[in-house]
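Given next are the chains, with one letter for each unit.
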Amino acid sequence: MSGRELGYIADAFQTNYIAPLGPMVERFEQSICDYTLSPNALALSSATAALHLALRVLGVGKGDIVLTSSFTFIGSVSPILYQNAIPCFIDSDTKSWNLDPQLLVQAIKNAPQKPKALIVTHLYGQCADLEAIVALCKEYNIYLIEDAAESLGATYKDRQSGTFGDFGVYSFNGNKILTTSGGGMLVSPHKELIDKARFYATQARDDAPHYEHTDFGYNYRMSNVLAAIGVAQMEVLDERIAKKRQIFEWYKQELGGVDEIAFMPELADTVGNRWLTTLVFSKSDPDVIRVALEKENIESRPLWKAMHLQPLFAGALCCQNGTAQALFDKGLCLPSGTQMCLEDVSRVSGLIIKALR
Ligand SMILES: *Cc1c(COP(=O)(O)O)cnc(C)c1O
């Protein structure tokens, strides 16, 4: 928390707007529009809910193929299952660690039917190769949804991640760069689709004085109290990004000289938010490092285990090149909280170097 949240929560209490909607929700949505320059935003209970609504309003349903980044978190992908659609997983390239556009072409050409949508993740706050991906989606008439849950504030050629597709999704879960304790945001250039998503997010209630339903929806809206936290958090987004990038630079300074360490690269013409500092070891087993850090009460984690490697998706459609597997086998996420100072980073780095010896 930044320290400003309680003031906005007090506003919400004073105006007695505690239950679901209220002025803070609109204010939070507006602050996202102002920051990302997306014309429309919808505050929701989670990014997973936002992705679900995106698929639903795009008409993705039973038997449709949805292409998706494989190297990602399950929340990117489970909404495809909610809609009874068929995921087709696409592996990463080595220059962005995100969806490989060359494999995307292959996946489109080899698919048993024309894919309906693509969900591309911008992992660890780094943009995927959007220019190539947007062009392919246009060429093949595929809806584009950006899972920008981890990449709020990251830019690709000076434009915000999440604003390139038919929909973009941000997360305010507890572990993200900003948090409302839990929450998500759906953005889109299409006003009519955001209006439709809002309708589905509030139980698909028809316009009548009583409760009239011709369709079913969900209870997916964000509460006014949590939106108050979001309004305060947005005020410190630029500071958070600067600090995250600083932490990355400190690690690079401390560990850059170690031969077998390579940090997550940054794609040309992009500025990531460096949500987590991540790296790979060319020789050592990252789990040995993780355990050595844990002994000092320092938490680190393996990189995401790709979806095509998950038991849940054994036998699923997939275009792979081994990149995500190698990243999972050799990678580590380092402590990256914005409270960290240079001494903290030095201490973690020193322990890593000691464990490598
Ligand atoms: C956190 C995350 C999600 C899910 O966000 P929630 O708000 O927790 O639903 C989806 N995709 C990615 C890549 C994430 O990191």
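Residues numbered from 1 in each chain as written. Predicted model: local features only at pLDDT ≥ 70, side-chain atom pairs only at ≥ 80, totals over all residues. Heavy atoms only, no water.

Chemist: Explain the sheet that holds strand S1 (residues 40–44) to me, and be specific about the residues and the numbers.
Modeler: Spatial strand order, S1-S9-S8-S5-S4-S2-S3-S13: eight strands in an open sheet with mixed pairing. Pairing within the sheet leaves two strands with one partner each, and these edge strands are S1 and strand S13 (317–319). On average, each strand axis in the sheet is tilted by 20 degrees relative to the strand beside it, whichever way the strands run. Those strands touched by helix H6 (residues 130–140) are strand S4 (117–121) and strand S5 (143–147), and its axis lies near 150 degrees from that of S5. Together, S1, strand S8 (167–171) and strand S9 (184–188) form the strand contacts of helix H7 (residues 191–201), whose direction differs from that of S1 by roughly 15 degrees. (Pairing = 2+ DSSP bridges. Helix = DSSP H or I, 4+ residues; strand = E, 2+ residues; numbered from the N terminus. Axes fitted to C-alpha atoms, helices over the stretch in contact; angles between N-to-C directions. Contact = heavy atoms within 4.5 Å.)

Chemist: I'd like a description of the site of the ligand, backed by residues and values.
Modeler: Lining the immediate environment of the ligand, one finds 15 residues, of which Thr48, Asp147, Glu150, Ser171 and Lys176 sit closest. Within the side chain of glutamate 150, one N or O atom sits 2.5 Å away from an oxygen atom of the ligand. Separating an oxygen atom of the ligand from a side-chain N or O atom of serine 171 is a distance of 2.7 Å. With the chains in place, 94% of the 390 Å² that the ligand exposes on its own is no longer accessible. Residue composition of the shell around the ligand, grouped by class: three nonpolar, nine polar and three charged. (Near = heavy atom within 4 Å. Polar contact = N/O pair within 3.5 Å; in protein donor to acceptor, adjacent residues only side chain to side chain. Areas by Shrake-Rupley, 256 points an atom, 1.4 Å probe, with all protein chains shown as cover. Nonpolar A, V, L, I, M, F, W, Y, C, P; charged D, E, K, R; others polar.)

Chemist: Any chance you could break down the packing of aromatic side chains for me, citing the residues and the numbers?
Modeler: The geometry of two aromatic rings is summed up by the distance between their centres and the angle between their planes. Overall, the coordinates contain ten aromatic pairs when judged by the stated rule. Clustering of aromatic rings is evident, with ring pairs tying together Phe71, Tyr124 and Trp275. Here arginine 56 stacks its cationic end above the ring of phenylalanine 216, 4.3 Å away from the centre of that ring. When the ring centre of tyrosine 211 is taken as origin, the NZ or CZ atom of arginine 205, which lies over that ring, is 3.8 Å away. (Phe/Tyr/Trp six-rings, centres within 6.5 Å; stacked < 30°, edge-to-face > 60°. Lys NZ or Arg CZ within 6 Å of the ring centre and 35° of its normal.)

Chemist: Now, about the domain arrangement of the chain: what can you tell me, with residues and values included?
Modeler: Each domain of the chain was delimited in the assignment, giving domain 1 (5–234) and domain 2 (237–356). Computed from C-alpha coordinates alone, the two centres of domain 1 and domain 2 are separated by 25 Å. Contacts between the two partners involve 47 residues from domain 1, matched on the other side by 40 residues from domain 2. Counting each side, the surface lost to burial between domain 1 and domain 2 is near 3,800 Å², with a carbon and sulfur contribution of 66%. Of all residues in domain 1, the largest losses of buried area upon contact with domain 2 belong to Trp97, Tyr124 and Ile177, amounting jointly to 23% of the total for that side. Seen at the junction of domain 1 and domain 2, the total is zero salt bridges. Here domain 1 is connected to domain 2 by 26 residue pairs in polar contact (both at pLDDT 80 or more). Every element with two or more residues in the side of domain 1 that touches domain 2 is listed here: strand S3 (86–90), helix H5 (101–110), strand S6 (155–156) and helix H8 (224–234). If you tally residues by element for the side of domain 1 that touches domain 2, the top one is S3, at five residues. Here the side of domain 1 that touches domain 2 is composed, by residue class, of 26 nonpolar, 13 polar and eight charged. (Domains from an automatic or database assignment. Buried area = accessible area lost by both parts, 1.4 Å probe. Salt bridge = Lys/Arg side-chain N within 4 Å of Asp/Glu carboxyl O.)

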